Amino acid sequence: MIETHYPYWLVFVLMMIGLYTVISHGNLVKKLIGLSLFQAAVFILYISLGKVIGGTAPVLEEGVDSYSHPLPHVLILTAIVVGVATTALGLALAVRIFDAYGTLEEDQMLVRAGDGDDGPEDPAGPDRGPDGDGEPGVAP
Amino acid sequence: MSLDLLLNLATGLLMLAGGGFAVTGGVGLLRFPDFYTRVHAVGLTDSAGAGLILLALLLQVPDWGTAVRLVLIMLFLLVTGPTATQALAQAARRDGVRIWLDGERDRG
Amino acid sequence: MNTLALLNVFLFAVLVATALAITRIRALYAAAMLASLFSLVLASLFVMLDAVDVAFTEAAVGAGVSTVLFLSVLALTRSREAVTPRRKRWPAGLVVLLTGGTLLFASQDLPPFGAPDTPVQQHPVTDVYLVDSTEQIGIPNTVTAVLASYRGYDTLGELVVIFTAGVAVLLLLTRLPHPQDPAGAPESAAPARYPDRASVVLADYRVLRVVSKLLMPFILLFACYVLFHGEYGPGGGFQAGMILAAGVILFGLVFGLDVARRVLPRPVLLVLIAAGVLLYAGVGVADLLLGGAFLDYDVLRPGSPQAGQQLGILLVETGVGITVAAVMTAVFFSFAGRGVSR
């Protein structure tokens, strides 16, 4: 059982590490990194399902009769690029949240949003960057 | 001694040497006392190790196209490896990372 | 077979160790660099699993653009995270154990790793992709054939997702000019997108500047090579777009954002982001007008469906490359143009 299933188990270990990072850590950037770990584990799972031992990459050549399956490669190729695009979107959200609340920690954000009604307009703390004026895009 | 056997022997030796360089670089990364010595260790051994491994592969290629590609990769690594090391060291110097002087306690 | 298993296990062990280190490290710059290392080792694992196209993409994406994005966000915000409180660790651990246990239990039904007679390999579509594609399309790289032709509709959808993500990042991060500019301030003439930064311009690093200037044409040429050679070897539009974006990002990092923005001004980028998607969908519409189905490239060259397929794949991959490159470049410019917060 071990020789035939060890890649899947190792993939699940990676997945669980990523999941743990997403759930338990409060920092938004750390969550995004954990999410990309989880994504990577899913990619490995798909690719390992298409692998044929004794085969080669699915580029047709003379004298080769056994290829790994190309379909998982296609799906994962696009998934990787889409993954980085959505990670970029998540990071953009994190930047805006930092501008609004002055912190990237979940607990701190809840505390600051709880004090006073105008949370996003009046960020507490000296750790706001020298952005000059406030956020012009945030409507009162 | 046939040419094949010689080539295989040379490939094996070069690969071992390249791998040895890389491992030495890793040991240096862990054991050296300050940032600049570590960067120096890793920069040197990475370029050397990668170059040797690529040389070893060069002895085994079946056709000229792959050989040219390997040579291009080797040139690229030889150009960018030392550049990265220099940029790291200069950035650290600008930032004020202290140079470890002989006899001091081990810093980070 | 044993050597393969040993190598796989070794690479997996490195991945698991890196993942554990990423979880534990509180200095986020270090976590981002470890994530880049994770991507490189992951690319090696993909090569071991015969997925050369995927390894190419993962190396270009993970070790290049993704790391730059994380580091630029960390430059804009705080870089050290707080310690996870204990009350959060137990529920997380419980969820992880339950999910992991369920997955392990369900994995008994998964087919053995690498067997040639799994349901995936036995499906009739495998023969279509590996055997029939030679006469229907005629290109050696079956991954490109499947990506651009057999599953072309899916790829169009994925391209639209990338386009949407790019537009969303631009929406979130574009700083609109303040409606009431302070009187007499010199910045009121220029758009408020370029705040005054006293940051170090990397062009002061002479070696880096010279080497970057030397390498730029080769990087861009390599991106074009990857795009056009994607039919004969590992490559294609996605990889080419990421490499092109990485070249522009290198230029922007070394020579300063202002110079890079002069090379690729915002209107040009916005047009390019849309142009790729329009090219892809345009090929489909052209097929409709020529009498075939949507994205049926056979009709592009009447009388020779193989040549039509190859032309269609080339056009479609070019569209993909244009949009991916433009989106990644625009995203980087948005992050970098935000100003450094320390």
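Everything numeric in this text was worked out from a predicted model, so none of it was measured.

A. Broad picture of the overall build of chain B. Helix and strand content of chain B: three helices and zero strands. Of the regular secondary structure in chain B, the N- to C-terminal order runs α-α-α. Since a compact globule built from 108 residues should have a radius of gyration of about 13 Å, the 18 Å found for chain B marks it as more spread out than a globular shape. Taken along the three principal axes of its C-alpha coordinates, chain B extends 55 × 25 × 15 Å.

B. Region of interest: the overall build of chain A. Helix and strand content of chain A: four helices and zero strands. When the helices and strands of chain A are read in sequence order from the N terminus, they spell out α-α-α-α. Taken across its 140 residues, chain A has 51% of its residues classed as buried. A separation threshold of at least 6 residues defines the contact pool for chain A, and within that pool the share at least 24 residues apart is 38%.

C. Focus on the interface of chain C and chain A. Facing 90 residues of chain C, the contacting portion of chain A comprises 79 residues. The element contributing the most residues to the side of chain C that touches chain A is helix H3 (residues 52–76) of chain C, with 13 residues. Of the residues that constitute the side of chain C that touches chain A, the class distribution is 58 nonpolar, 21 polar and eleven charged.

D. Local environment of the interface of chain C and chain B. The partner chain B presents five residues to the four residues of chain C that form the contact. Taken together, the residues of the side of chain C that touches chain B sort by class into four nonpolar, no polar and no charged.

E. Structural context of the nonpolar core. Counting 125 residues, the largest nonpolar core has Val29 of chain A together with Val65, Val73 and Met242 of chain C as its most contacted members. Other than its neighbours up to four places away in sequence, methionine 242 of chain C contacts Ala60, Val61, Gly64, Val65, Val324 and Met328 of chain C.

F. Spotlight on the packing of helix H8 (residues 152–173) of chain C against helix H12 (residues 266–289) of chain C. All names here are of chain C. Running from amino to carboxyl end, H8 crosses H12 at an angle of 165°, the nearest separation of the two axes being 10 Å. Judged by the inter-axis angle, H8 sits roughly antiparallel to H12. Relative to H12, the crossing made by H8 is left-handed. Seen from H8, the contacting residues are Leu156, Leu159, Val160, Phe163 and Gly166; seen from H12, they are Ile273, Gly276, Val277, Tyr280 and Ala281. Partitioned by chemical class, the residues of the contact of H8 with H12 number eight nonpolar, two polar and no charged.

G. Molecular detail of the confidence of the model for chain B. Per-residue confidence for chain B averages 88 on the pLDDT scale, and 94% of its residues sit at or above 70. As a predicted assembly, this complex carries a pTM of 0.87 together with an ipTM value of 0.87.

H. Quick look at the environment of isoleucine 273 of chain C. Residue and element names in this part refer to chain C. Its place among the elements puts isoleucine 273 in helix H12. Considering only alpha carbons, one finds isoleucine 273 and isoleucine 322, 49 residues apart in sequence, at a separation of 7.0 Å. When sequence neighbours within four positions are dropped, the list of residues in contact with isoleucine 273 reads Phe163, Gly166, Thr323, Ala326, Val327 and Ala330.

I. Spotlight on unusual backbone geometry. Residues and elements named next belong to chain C. One non-glycine residue, aspartate 50, adopts positive backbone phi at about 70°. Checked against the element boundaries, aspartate 50 lands in the loop between helix H2 (28–48) and H3. A residue is classified by how many C-beta atoms lie within 10 Å of it, and aspartate 50, with 23 of them, is buried. A positive phi angle, close to 60°, is found at leucine 295, a residue other than glycine. Take leucine 295: it is sitting in the loop between H12 and helix H13 (305–336). The buried category is assigned to leucine 295, around which 22 C-beta atoms lie within 10 Å.

J. Quick look at the packing of helix H3 (residues 70–101) of chain A against helix H7 (residues 142–150) of chain C. It is at 9 Å that the axes of H3 of chain A and H7 of chain C come closest, and there the two elements cross at 60°. With respect to each other, H3 of chain A and H7 of chain C are oriented oblique. Of the two elements, H3 of chain A crosses H7 of chain C, and the hand of that crossing is right-handed. Seen from H3 of chain A, the contacting residues are Pro70, Leu71, His73, Val74 and Leu77 of chain A; seen from H7 of chain C, they are Thr142, Val143, Val146 and Leu147 of chain C. Among the residues forming the contact of H3 of chain A with H7 of chain C, the class breakdown is seven nonpolar, two polar and no charged.

K. Representation of the confidence of the model for chain A in the model. With 82% of its residues at a pLDDT of at least 70, chain A reaches an overall mean of 82. The low-confidence segment residues 121–140 of chain A (pLDDT under 50) makes 30 contacts with residues lying over four places distant or belonging to another chain.

L. Seen up close, helix H3 (residues 64–95) of chain B. Taking 1.5 Å per residue, 32 residues should reach 46 Å; H3 of chain B reaches 46 Å between its end C-alpha atoms and fits that length. Just downstream of H3 of chain B lies glycine 96 of chain B, where phi reads positive at about 95°.

M. Summary view of the environment of isoleucine 219 of chain C. All names here are of chain C. Residue position: isoleucine 219 is located in helix H9 (residues 206–228). Between the alpha carbons of isoleucine 219 and glycine 114 there is a distance of 36 Å; along the sequence they are 105 residues apart. Discounting chain neighbours no more than four positions away, the residues touching isoleucine 219 are Ile243 and Gly247.

Thresholds applied
- Every chain's residues receive numbers from 1 upward, in the order its sequence appears when written.
- Each chain gets a letter, beginning with A, and each ligand a number, beginning with 1, in the order they are written.
- With the structure being a predicted model, the display of local features is reserved for residues of pLDDT at least 70 and the display and counting of side-chain atom pairs for 80 or more, all residues being used for whole-chain, interface and lining totals.
- Helix numbering and strand numbering both begin at the N terminus, where a helix is a DSSP run of H or I of at least 4 residues and a strand a DSSP run of E of at least 2.
- Each radius of gyration reported is based on C-alpha atoms, and the globular scaling rule is 2.2 Å times the count of residues to the power 0.38.
- Exposed residues have 12 or fewer other C-beta atoms within 10 Å of their own C-beta, buried residues have 20 or more, and partly exposed residues fall in between, where C-beta atoms are placed from the backbone.
- C-beta atoms are placed from the backbone for every residue, and two residues are taken to be in contact when these atoms lie within 7 Å.
- Gly is placed with the polar residues, together with every amino acid not listed as nonpolar (Ala, Val, Leu, Ile, Met, Phe, Trp, Tyr, Cys and Pro) or charged (Asp, Glu, Lys and Arg).
- A set of buried residues drawn from Ala, Val, Leu, Ile, Met, Phe, Trp, Tyr and Cys, joined through C-beta atoms within 7 Å, is what defines a nonpolar core.
- In this description, a line fitted to the C-alpha atoms serves as the axis of each element, helices being fitted only across the stretch in contact, and the angle between N-to-C directions of two axes falls anywhere from 0 to 180 degrees.
- Any angle that is under 35 degrees is reported as roughly parallel, and any over 145 degrees as roughly antiparallel; angles of 65 to 115 degrees are reported as roughly perpendicular and all others as oblique.
- Each crossing is labelled by how the near helix is turned from the far one, with a counterclockwise turn of less than a right angle marking it left-handed and a clockwise turn marking it right-handed.
- The predictor reports its confidence for every residue as pLDDT, a score running from 0 up to 100.
- Expected span of a helix, by definition, is 1.5 Å for each gap between consecutive residues, and there is one gap fewer than residues.

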